[in-house]
Amino acid sequence: IKPFYTAGIIDGYSNGTMGLNDSLTRGQLAKILVQSYNLKMKGSPIIFTDVSKNHFAYSSIEILASNGIALGYNGKFMPNEPVSREQFSLFLHRILQVQNN
């Protein structure tokens, strides 16, 4: 966790804790993936109806969507829902495809 924190990839909570036993949300994963792989906006993103511009991961979600990594479901991204192993695997697979092209 510390290397990710030091690199600015994760922030932790305002009280200084990292929530080591918490589930990872889809929004948190979006931020981690965009920063870890240094992804940039590519074309027009999908606009998800459930992600407000004030959400901490808004720009990361936009970047994932513009690269075809985040597709959502019925126009929603569900940024505050826990990410499943299946979803994590799909995100990572799509990032690797983008990186190899």
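Quick caveat, the model's predicted, so the values are computed rather than measured.

Draft legend 1. Inspection of the packing of aromatic side chains at higher detail. Applying the stated rule across the entire model yields two aromatic pairs. Between the aromatic rings of Phe 48 and Phe 77, the centroid separation amounts to 5.4 Å while the plane-to-plane angle is 45°, which identifies the pairing as tilted. Within this pair, whereas Phe 48 is found in the loop between α2 (26-36) and α3 (58-66), its partner Phe 77 is found in the loop between α3 and α4 (85-100), the two being separated by 29 residues in sequence. Pairing Phe 77 with Phe 91 gives two aromatic rings, centres 6.3 Å apart and planes at 35°, and the pair type is tilted. Here Phe 77, found in the loop between α3 and α4, pairs with Phe 91, found in helix α4; they are 14 residues apart in sequence, far enough to count as distant. Of the two residues examined, Phe 77 and Phe 91, each falls in the buried class. Through successive ring pairs, a cluster of aromatic residues spans Phe 48, Phe 77 and Phe 91. Positioned above the aromatic ring of Phe 77, the side-chain terminus of Arg 26 is 4.5 Å from the ring centre.

Draft legend 2. α3, seen in detail. The buried fraction of α3 is high, at eight of nine residues. Tyr 58, Ser 60, Ile 61, Glu 62, Ile 63, Leu 64, Ala 65 and Ser 66 are the residues of α3 that are buried. Buried residues belonging to α3 abut α2. After α3 finishes, the residue Gly 68 shows a positive phi value of roughly 75°.

Draft legend 3. Geometry of the layout of surface pockets. Quantified by volume, the largest pocket comes out at close to 470 Å³. Looking at the largest pocket, it is lined by 17 residues, and the ones nearest its centre are Ile 10, Met 18, Leu 24, Gln 28 and Ile 32. In terms of residue count, the dominant contributor to the lining of the largest pocket is α2 (three residues). The residue inventory of the lining of the largest pocket, partitioned by class, reads ten nonpolar, four polar and three charged. Broken down by element, the lining of the second largest pocket gets its largest block of residues, five residues, from α4. For the lining of the second largest pocket, the class distribution of residues is six nonpolar, two polar and three charged.

Parameters and conventions
Residues numbered from 1 in each chain as written. Predicted model: local features only at pLDDT ≥ 70, side-chain atom pairs only at ≥ 80, totals over all residues. Heavy atoms only, no water. Phe/Tyr/Trp six-rings, centres within 6.5 Å; stacked < 30°, edge-to-face > 60°. Helix = DSSP H or I, 4+ residues; strand = E, 2+ residues; numbered from the N terminus. Buried < 20%, exposed > 50% of the residue type's maximum accessible area, 1.4 Å probe, protein only. Lys NZ or Arg CZ within 6 Å of the ring centre and 35° of its normal. Contact = heavy atoms within 4.5 Å. 1 Å grid on protein atoms, 1.4 Å probe; cavity = no way out; pocket = protein on both sides within 12 Å on 5 of 7 lines; lining within 4 Å. Points joined across faces, edges and corners; volume = space filled by probe spheres on them. Nonpolar A, V, L, I, M, F, W, Y, C, P; charged D, E, K, R; others polar.

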